[in-house]
Every structure is written in C-alpha cells, then in structure tokens.
Amino acid sequence: MKKLIFVLFVILGTSVFAQETEGDSFQKKAVKLIELTSGQQFEIISEPIVQQIPEESREDFKKDLNESLNGLYVKLAEIYREEFTEAEIDEILAFYDTSVGKKMVATTPKVMQKAMTVGQQWGMELQSIMAKYMQ
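Okay, so let's go over this structure. Everything numeric here is computed off the predicted structure, so don't read it as measured data. (Residues numbered from 1 in each chain as written. Predicted model: local features only at pLDDT ≥ 70, side-chain atom pairs only at ≥ 80, totals over all residues. Heavy atoms only, no water.)

Grouped burial of nonpolar side chains is what soluble globular proteins tend to show. Listed in full, the twelve residues of the largest apolar core are Phe-26, Ala-30, Val-31, Leu-33, Ile-34, Leu-69, Tyr-73, Ala-77, Ile-89, Leu-93, Tyr-96 and Val-105. Residue assignment for this core shows that the elements contributing at least two residues are helix H1 (2–51), helix H2 (58–83) and helix H3 (86–96). Tallying contributions element by element places H1 first for this core, with five residues. In this structure Ala-77 touches Phe-26, Gln-27, Ala-30, Val-31 and Ile-34, once residues within four positions along its chain are discounted. (Core = buried A, V, L, I, M, F, W, Y, C linked by side-chain atoms within 4.5 Å. Buried < 20%, exposed > 50% of the residue type's maximum accessible area, 1.4 Å probe, protein only. Helix = DSSP H or I, 4+ residues; strand = E, 2+ residues; numbered from the N terminus. Contact = heavy atoms within 4.5 Å.)

As structure tokens, this is what we get:
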C-alpha cells in the first residue's frame, strides 16, 4: 500500500512539474514575442513619461519602469496563452527570426511614428465630417 501511494505521488508530482515546465516555456516564448513586437513601442510611449522625471532620478526610474514592464509582459503572455497554442507561438517566433521578420521589428517604430501622423491628420478630417452632421 505504501508503495502504491508513493508511486501515485511520484506520478502526480511528475505531471505537475511537466505542466509547470510547459507553462514556463510558453510564458518565456510569449514574453519574447511581446518584447519583439511591442517592446520598442512601449519604449517610445514611455519616453515622454521618463522626461517628466527629474534628471537625477531618471536612471532609477527607468530600472523601476523596466521591472514594471516585465510584469506587464508576463500578464500579457497569459492573454497570448488564451489565444495561441505554443506551436503557433513557435511559428510566429520563427517568422520574426527570418530576415523579413527582423526587418519588420526594426522598422516598426518608424512605421508607428508615421502612422501616428497620418492618424492625427485623419482625425482632423473626421472632425470636419462630424461637424457637417452636428449642425
């Protein structure tokens, strides 16, 4: 009987360890994907915030900000877990490891800045359209 209980604990423990290891693997991959696709965007968005901090405190603030972002990435990884399988994340990461994937990561900040300008211009046009219907 003791042997049976011991065997059950070993099987249960191995199963839980395998699930945790698989979860950690998925989380690491999802965080890597988030860093590749959104990391630079978070840096761009956070720069005006950093500039509001007194210069003598900025480096310490940036360290805290980066720790906060790491926590955010882990939370976002859970959303990826709900929407993608680990195999799909592997395929997406494989794309970002290609030359065109690397180019996409490298050019995304420039594209975003240009897109924000276009979006602002469109917003002004939209206000004119809205004004036509608000009279």
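What follows concerns the packing of aromatic side chains. By the definition in use, this model includes three aromatic pairs. Measuring from ring centre to ring centre gives 5.7 Å for Phe-42 and Tyr-73, while their planes differ by 45 degrees; the resulting arrangement is tilted. Separated by 31 residues along the polypeptide, Phe-42 in helix H1 and Tyr-73 in helix H2 bring together distant segments of the chain. Of the residues examined, Phe-42 reaches a relative accessible area of 22% and is grouped as partly exposed. When the centroid spacing of 5.1 Å and the interplanar angle of 65 degrees are considered together, the rings of Phe-95 and Tyr-96 count as edge-to-face. Assessed through its relative accessible area of 15%, Tyr-96 is described here as buried. (Phe/Tyr/Trp six-rings, centres within 6.5 Å; stacked < 30°, edge-to-face > 60°.)

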